Amino acid sequence: MISFKQLPLEAKAAVAAGVVFFSMMLSRSYLAEQLELRTRRWLLRLQMALFANALMLIGSLHVWRSTVTTFSRSSAASSFCFMPWKMAVFMFLALAHSSFFTLLFLVAEEPYFFSLAAYTCLGAYIILIFFLFALGSVEQAYKFLAGRGAKAGAGNKNSRTAMKPILAVVLTVVLTVVGLLNASQPPTVNSVEVPVHKLPSTMNNLKVVLLSDIHLGPTVGKTKLAMIVRMVKALKPDITVIVGDLTDSEAAIIRPAVEPLGELNSPLGTYFVTGNHEYYTSDVSNWFELLKSFNIQPLHNENVKIVSPKSTDDWFCLAGVDDIEADVLRYSGHGMDLKKALRDCSSEHAIVLLAHQPIAAKWALQERPDINLILSGHTHGGQMFPLNAGAYFLNPFFVGLYKVGQNTFVYVSPGTMYFGIPMRLGSRAEITEIILRSP
């Protein structure tokens, strides 16, 4: 029987990840209600950071062997540049691994340079892993198709082996720079017209501005939020809605960064629903109170009547549900409750629902197909290559406007900022201007 000591490093990392994952499930299932809120908050974040790092260690070992060990066996090892290169790869991997811990220790009004550098390395790490795997797969496929007829010389073999990591690093650097530049641009304003069944004619052309996935935290601070608020105010919306993942930190720590939200002054109100990241902070109640102080109304499985400025007899129902992650985390007093959220919302009036995750939108329509419009976020449009494909296949609605049935639409925002990694590849941050049209 093989002992733990005899296992390769990759297997040990996988075992460690499994142990941490089991502890996370144990904490969620049996310890959630027994631990103090602050202790539970730190335990959850520490477990998530350790789990991510254990998984990353498997990839980091492959990166090290591909970009360092490969060259140590060649004449390049005697080069003056080899030692600085070795140190650079080590620092790169160390920064990438440290990114998850910045959520615990480095969150303030504005991002720390270390946090930006760490999350940039994490983004580059993901891209590099992809290209090392992709190029390795292409190499193996070529060998399989070419057969074993002619054996290449040792020199040619070493040359091909060295070219793979070099090409992967070059592609990673180029895409990292492109991703950083793309994410540094202000969000694009996307104007979308949506016909809403049973919307009163007096509310035709009502303007709703949709924000999602701002992720105030290690890499997004007050300056970026102030820019978003200025852009929203310039659009002069009738209603502003924030559909979750506003933050990645506790309210008390990041309160100064949130102050620009107090400048939102939509005449028919500003509304908020939780995303999964609000529950990761374990501080939802304090966030609700903070947002209320800025005249932003949380819709905690509840609804409001949006009354036409032209006629008090004309209105539609704006409802919001808690994010489904609250159920997974067993967050006390929270969880998606569509019946409660739509109480007194009859099909005689138009219904607009705010639900952070597209899967929640799907579930809502299965239960209440009379909902006319659902506004969601969560997917980030994949945020960056190569994560786009995963986000596409994991969500029933990915990004943009979808028509479901005869009279229902779902709009999924690609996000107003980004989560952690300050990069966008194959997606663009967006502020959505939704024009409601009456039939």
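Notes on the structure follow. (Residues numbered from 1 in each chain as written. Predicted model: local features only at pLDDT ≥ 70, side-chain atom pairs only at ≥ 80, totals over all residues. Heavy atoms only, no water.)

Among the nonpolar cores identified, the biggest contains 39 residues, and Ile214 and Leu261 are the most heavily contacted of them. Counting only elements with at least two residues in this core, the list comes to strand E2 (206–211), helix H7 (222–235), helix H8 (251–258), helix H9 (276–280) and helix H10 (284–293). Considering every element that reaches this core, the biggest residue donor is H7, with seven residues. Ignoring anything within four residues of it in the chain, the contact list for leucine 261 reads Leu225, Val229, Ile242, Leu246, Leu291, Phe294 and Ile296. Judged by nonpolar contacts, the second largest core, of 28 residues, contains Val192, Ile306, Leu373 and Phe409. (Core = buried A, V, L, I, M, F, W, Y, C linked by side-chain atoms within 4.5 Å. Buried < 20%, exposed > 50% of the residue type's maximum accessible area, 1.4 Å probe, protein only. Helix = DSSP H or I, 4+ residues; strand = E, 2+ residues; numbered from the N terminus. Contact = heavy atoms within 4.5 Å.)

Right, let's get into the layout of surface pockets. The space that makes up the largest pocket amounts to roughly 1,400 Å³. Taken together, 41 residues make up the lining of the largest pocket; nearest its centre are Met48, Phe100, His277, Leu387 and Phe419. In terms of residue count, the dominant contributor to the lining of the largest pocket is helix H2 (residues 37–72) (eight residues). In terms of residue class, the lining of the largest pocket is built from 24 nonpolar, 12 polar and five charged. (1 Å grid on protein atoms, 1.4 Å probe; cavity = no way out; pocket = protein on both sides within 12 Å on 5 of 7 lines; lining within 4 Å. Points joined across faces, edges and corners; volume = space filled by probe spheres on them. Nonpolar A, V, L, I, M, F, W, Y, C, P; charged D, E, K, R; others polar.)

Okay, the state of the cysteines next. Taken as a whole and judged by the stated rule, the model has one disulfide. Linked covalently through their sulfurs, cysteine 317 and cysteine 345 form a disulfide whose S-S length is 1.7 Å. Residue cysteine 317 is found in strand E7 (residues 315–320), and its partner cysteine 345 is found in the loop between helix H12 (338–341) and strand E8 (351–354); the two are separated by 28 residues along the sequence. In terms of burial, cysteine 317 and cysteine 345 fall into one category: buried. (Disulfide = S-S within 2.5 Å.)

So, about the pairing of strand E10 (residues 400–404). The pairing of E10 with strand E11 (residues 408–412) spans five bridges and is classified as antiparallel. Opposite leucine 401, over in E11, you have tyrosine 411 as the bridge partner. (Pairing = 2+ DSSP bridges.)

This part takes up H10. Turning to H10, its buried residues number three or more, namely Val284, Trp287, Phe288, Leu290 and Leu291. All buried residues of H10 lie within an arc of 165° about the axis, which places them on one face of the element. Contacts from the buried residues of H10 go to H8, strand E4 (270–273), H9 and strand E5 (296–298). In the segment just after H10, asparagine 295 is the residue with positive phi, at about 60°. (Arc of directions from axis to C-beta.)

Bringing the packing of aromatic side chains into the picture now. With the rule as written, the count across this model stands at eight aromatic pairs. Seen from their ring centres, tyrosine 279 and tyrosine 331 are 5.1 Å apart, and the 70° between their planes marks the pair as edge-to-face. Of the two residues, tyrosine 279 is situated in helix H9 and tyrosine 331 in the loop between helix H11 (325–328) and H12; the sequence distance between them amounts to 52 residues. By relative accessible area, which is 9% here, tyrosine 331 ends up buried. Through a chain of ring-to-ring contacts, the aromatic side chains of Phe130, Phe131 and Phe385 assemble into a single cluster. (Phe/Tyr/Trp six-rings, centres within 6.5 Å; stacked < 30°, edge-to-face > 60°.)

In terms of burial, strand E3 (residues 239–243) is a largely internal element, five of the five residues being buried. Residues of E3 alternate between two faces, with Ile239, Val241 and Val243 on one and Thr240 and Ile242 on the opposite face, all of them buried. Where E2 lies against E3, four bridges are found, and the strand directions are parallel. If you follow leucine 210 over to E3, its bridge partner there is valine 241. This β-α-β element, E2 to H7 to E3, shows right-handed connectivity. For E3 and E4, the ladder comprises four bridges, and the chain directions are parallel. Each residue of the ladder has a partner; that of valine 241, found in E4, is tyrosine 271. Where the polypeptide runs from E3 across H8 and back to E4, its parallel neighbour, the crossover connection is right-handed. (Right-handed = clockwise from strand over helix to strand, strands pointing away.)

With that settled, the discussion passes to the pattern of salt bridges. Counting across every chain of the model gives seven salt bridges. Between glutamate 433 and lysine 207 there is a salt bridge, and its shortest N-O distance comes to 3.1 Å. In this pair, glutamate 433 is assigned in strand E12 (residues 430–437) and lysine 207 in strand E2, connecting sequence segments 226 residues apart. A salt bridge links lysine 292 to glutamate 289, with the shortest nitrogen-to-oxygen separation between them at 3.8 Å. With a gap of three residues between them, lysine 292 and glutamate 289 both fall in helix H10, about one helical turn apart. Through salt bridges with shared partners, a single ionic network connects Glu109, Lys222 and Glu259. (Salt bridge = Lys/Arg side-chain N within 4 Å of Asp/Glu carboxyl O.)

Let us now look at empty space enclosed by the protein. Summary: where empty space remains is shown by rolling a probe the size of a single water molecule over the atoms. One pass over the full model with this rule turns up two cavities of 30 Å³ or more. Estimates place the volume of the second largest cavity at around 50 Å³. Residues belonging to the lining of the second largest cavity are distributed by class as follows: nine nonpolar, no polar and no charged.

As a further point, take the sheet that holds E2. Strands sit in the order E1-E12-E2-E3-E4-E5 across an open sheet of six strands; the sheet is mixed. One side of each edge strand has no neighbouring strand; the edge strands of this open sheet are strand E1 (188–195) and E5. Going from strand to strand, the sheet's axes swing by 25° on average, the running direction of each strand aside. Its contacts with the sheet put H10 on E4 and E5, and the angle it makes with E5 is roughly 150°. (Axes fitted to C-alpha atoms, helices over the stretch in contact; angles between N-to-C directions.)

Each pair of packed helices can be summarised by the angle the axes make with each other and by the distance between the axes. For the pair helix H3 (residues 82–98) and helix H5 (residues 113–146), interaxial distance at closest approach is 7 Å and the crossing angle is 105°. One element, H3, and the other, H5, form an angle in the roughly perpendicular class. Where H3 abuts H5, its residues Phe92, Leu93, Leu95, Ala96 and Ser98 lie against Phe114, Ala118, Cys121, Leu122, Ala124, Tyr125 and Leu128. Residue composition of the contact of H3 with H5, by class: 11 nonpolar, one polar and no charged. (Parallel < 35°, antiparallel > 145°, perpendicular 65-115°, else oblique.)

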